[in-house]
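# A structural walkthrough
The primary structure of each chain is shown beneath.
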There are 2 protein chains.
Amino acid sequence: MRQLSEHDIEALAIGAAILGTGGGGNPYIGKLRALQDLRNGRSVTLIGLDELDDEALVLSVGGIGAPIVSIEKLDEGREGERALRALEQFGGRKIDALISAEIGGGNAIEPLLTAALTGLPVVDGDGMGRAFPEMQMTTFSIYGHRSTPAAVADERGNVVLFQHSISEVWFERLARATVVAMGGSAIGAEAPMRGSYVKRAAVPATVTRAIALGEIVLGANRDHVSAIPLICAQERGRHLMDAKIVDLKRHLRGGFSVGDIQLEGIDEYAGSRAHVAFQNEFLSFERDGRVEVCVPDLVAILDVDSGHAITTEVLRYGQRVSVLGLPCHPLLRTAEALAVVGPQAFGLDGITFHPLGDHPR
Amino acid sequence: MRQLSEHDIEALAIGAAILGTGGGGNPYIGKLRALQDLRNGRSVTLIGLDELDDEALVLSVGGIGAPIVSIEKLDEGREGERALRALEQFGGRKIDALISAEIGGGNAIEPLLTAALTGLPVVDGDGMGRAFPEMQMTTFSIYGHRSTPAAVADERGNVVLFQHSISEVWFERLARATVVAMGGSAIGAEAPMRGSYVKRAAVPATVTRAIALGEIVLGANRDHVSAIPLICAQERGRHLMDAKIVDLKRHLRGGFSVGDIQLEGIDEYAGSRAHVAFQNEFLSFERDGRVEVCVPDLVAILDVDSGHAITTEVLRYGQRVSVLGLPCHPLLRTAEALAVVGPQAFGLDGITFHPLGDHPR
């Protein structure tokens, strides 16, 4: 158990953006809010999975919607708390701790904001070990937890409670329609989980790992060295390409940012071409007609100089980027998981998932 | 207080369809289910507004969505009960009675089905005295009742609870998005009301009046006379035109059936042309460039021979129809009401509401 510092939050935002593989929402605004909370005397306590009581009720809280919307339609601040209170009222029991449904992007920060307001601790772990676009794509759902009753709150004060859905995909469909009607982004909280289940199903220690990734980037920039090989070393990842973005298709479809990025190699990669498909997150890296990395493994696109992640909503023609492939956690590579987060689940037909080496733990 | 008979339900379905002004859902399938309930030994008790306890909790139950969908995507049967139980669980108090949000169309029958399953009485009255396409268009909403917390249930078992919305229009927007995601039709129940409020805000005795209208049609057909003048007499309405449908535009937009009907006069109306616009319900009757009847007054399109209502989803080229204008209840003609259910609320710009005579009570 420890209190998160301002430095932790700075590093977490950087590391979470890398694990976000382009999505999960840009952590920048959430980071500013979390820093402000600390400066206002609030605090955020991080607890390890081993410190969690088996009987504790743990709530996952996070943003839902298209990242490209959430950077313009700002949160009001207490959405997560309103969703939490609605679920407490419906269930008749208090929540004991918060957890991120996805460590990738802004959703790494979202539980911290609700924690600062409510005084509840945040569990060191999450339900993806990265970011994914849909809500049934968490290890919590994959290994049997039902997301309903769940709540979605918007910045105006509207709160919708998904009392019961017949499947995780139906929950995703109904919640997505609500979020689109709310303007394209909102904060959601899924059915509270027992501590004993979270210990089994969560991707462990991902808050700590994201902070460590952020510290690598901050350190490399301070020392004027490239962060890329250091990131690959920590995550046992592969440096796939340095490239320039030469074409970019991006549009909003059904509440998602979807599109495709064309890359042309630079420096030692000059002469080679590749492309990356995305649905909020980067889905696949394909070079010379061969898919080299695909979901659930991570495709990260980082600024070639700073090592900072570039999220899909700030991608631009002409950017010079490093593309990395990072192995996902073993919890995402089981047959049950691949049915939900493998290439076919994203409509990437004809692509077989070939694991990209071993996850660092 | 009285038990509804099979004859009452047959007559109610006919009368409700006339008051539905083309919408509210076709009562046919609901009627079959209600008759089956009675034959299975269940019963439905109708109570007058004066018999309602001031402290009673009254729940409005009804179908939401496009009528054209609900005649193909059938209800499972216990949707209303599931919505009711979700609201009881959330509010921590039992519901005492049911009421129709709209007497027009299938929503006259919907509370009867939930009443037969739960044993709760149905109040003789409703929130429209007719049908309207949107949920904020009830006298309950207009005179200050907030619809949330409300619940929407589909035939699969999904239940969504609208815990809090910042306005009636936001409730409508969010619930509509949910219903569209559910496939275009579902059953909804709005926040329970106190008996004392229902006595003040409900359009009174509309179940009884709809049954009386149905009895007129049944009697006229038995006696081989036209029902049209008898209906006009009971409702103090105006026989506008007998006509043939010569053109029909109808499409599904945002979960609504919208369109326009072109009419060419027949018999004594030969040579004159008119058209009727609709959004689930008929909105206006315009002849020779002049709007003669518009919302909130009722435009009813009936079969020229039988006097049975023709709902928007079964309108067809070549049908021979009688068009009637019926005055709405005074509760729909106040300034507060016209802001919500007057012509401007339906985008009929430049049209002023000129009341069509007095309502029969």
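Predicted, not measured: the structure shown is a model, and the values here were computed from it. (Residues numbered from 1 in each chain as written. Chains lettered and ligands numbered in written order. Predicted model: local features only at pLDDT ≥ 70, side-chain atom pairs only at ≥ 80, totals over all residues.)

## With respect to the interface of chain B and chain A
- Across the contact, 20 residues belong to chain B and 20 residues belong to chain A.
- Elements represented by at least two residues in the side of chain B that touches chain A include exactly α4 (79-91), β7 (159-164) and α7 (168-181) of chain B.
- Ranked by the residues each element gives to the side of chain B that touches chain A, the list is headed by α7(B), at seven residues.
- Broken down by class, the residue content of the side of chain B that touches chain A amounts to 12 nonpolar, six polar and two charged.
- Where strand β7 (residues 159-164) of chain A meets β7(B), five bridges bridge the pair, whose relative direction is antiparallel. (Contact = placed C-beta atoms within 7 Å. Helix = DSSP H or I, 4+ residues; strand = E, 2+ residues; numbered from the N terminus. Nonpolar A, V, L, I, M, F, W, Y, C, P; charged D, E, K, R; others polar. Pairing = 2+ DSSP bridges.)

## Describing the sheet that holds strand β16 (residues 298-303) of chain A
Residues and elements named next belong to chain A.
- Taken together, the seven strands give an open sheet; going across it, the order is β15-β14-β13-β12-β11-β17-β16, and neighbouring strands pair in antiparallel fashion. The outermost strands of the open sheet, each flanked by one partner alone, are β15 (290-294) and β16. Each neighbouring strand pair of the sheet contributes to a mean axis angle of 35°, computed without reference to strand direction.
- Strand direction decides the pairing type here: β16 and strand β17 (residues 320-326), joined by six bridges, are antiparallel. Among the inter-strand pairings, aspartate 303 is bridged to a residue of β17, identified as valine 321.
- Across the sheet, helix α10 (residues 228-235) is in contact with β11 (238-253), β16 and β17; its angle to β17 comes to roughly 10°. (Axes fitted to C-alpha atoms, helices over the stretch in contact; angles between N-to-C directions.)

## As for the sheet that holds strand β16 (residues 298-303) of chain B
All names here are of chain B.
- Pairing in this open sheet of seven strands is antiparallel, and the strands run β15-β14-β13-β12-β11-β17-β16 from one edge to the other. The sheet is open, and its two edges are formed by β15 (290-294) and β16, each paired on a single side. For this sheet, the mean angle separating the axes of adjacent strands, direction not counted, is 35°.
- Across the sheet, helix α10 (residues 228-235) lies against β11 (238-253), β16 and β17 (320-326), angled at about 10° from β17, the strand it touches most.

## Side note on the pairing of strand β8 (residues 185-189) of chain B
Residue and element names in this part refer to chain B.
- Here β8 lies mainly inside the structure; five of its five residues are buried.
- Of the two faces of β8, the one carrying Ser185, Ile187 and Ala189 and the one carrying Ala186 and Gly188 are both buried.
- Inspection of the sheet shows strand β3 (residues 57-65) paired to β8 by five bridges, in the antiparallel sense. Its bridge partner being in β8, isoleucine 64 is matched across the sheet by alanine 186.
- Sheet analysis places strand β6 (residues 150-153) next to β8, joined by three bridges and oriented antiparallel. (Buried ≥ 20, exposed ≤ 12 C-beta atoms within 10 Å, placed from the backbone.)

## Points about the relation of the copies chain B and chain A
- Each copy of the sequence occupies a distinct position, and chain B is placed on chain A by a rotation of 180° and an axial shift of 0.0 Å, giving an RMSD of 0.0 Å. Here the transformation between the copies is reduced to the relation of a two-fold axis.
- Looking at the interface residues of chain B, 100% of them are also at the interface in chain A, so both copies use one shared face. (Least-squares fit on C-alpha atoms with pLDDT ≥ 70 in both.)

## Some remarks on the environment of B:Ala177
- Its location among the elements puts B:Ala177 in helix α7.
- The sequence separation of B:Ala177 and B:Leu315 amounts to 138 residues, and the corresponding C-alpha distance is 26 Å.
- The residues contacting B:Ala177, other than those within four sequence positions of it, are A:Ala177, A:Thr178, A:Val180 and A:Ala181.

## A word on the domain arrangement of chain A
Residues and elements named next belong to chain A.
- Each assigned domain of chain A is listed with its residue range as follows: domain 1 (2-204) and domain 2 (234-346).
- Look at where the C-alpha atoms of domain 1 and domain 2 centre, and you get two points 24 Å apart.
- Listed by partner, the interface residues are 29 residues for domain 1 and 27 residues for domain 2.
- Those elements that provide at least two residues to the side of domain 1 that touches domain 2 are α1 (6-19), α3 (67-70), α6 (139-142) and α7 (168-181).
- Taken together, the residues of the side of domain 1 that touches domain 2 sort by class into 16 nonpolar, 11 polar and two charged. (Domains from an automatic or database assignment.)

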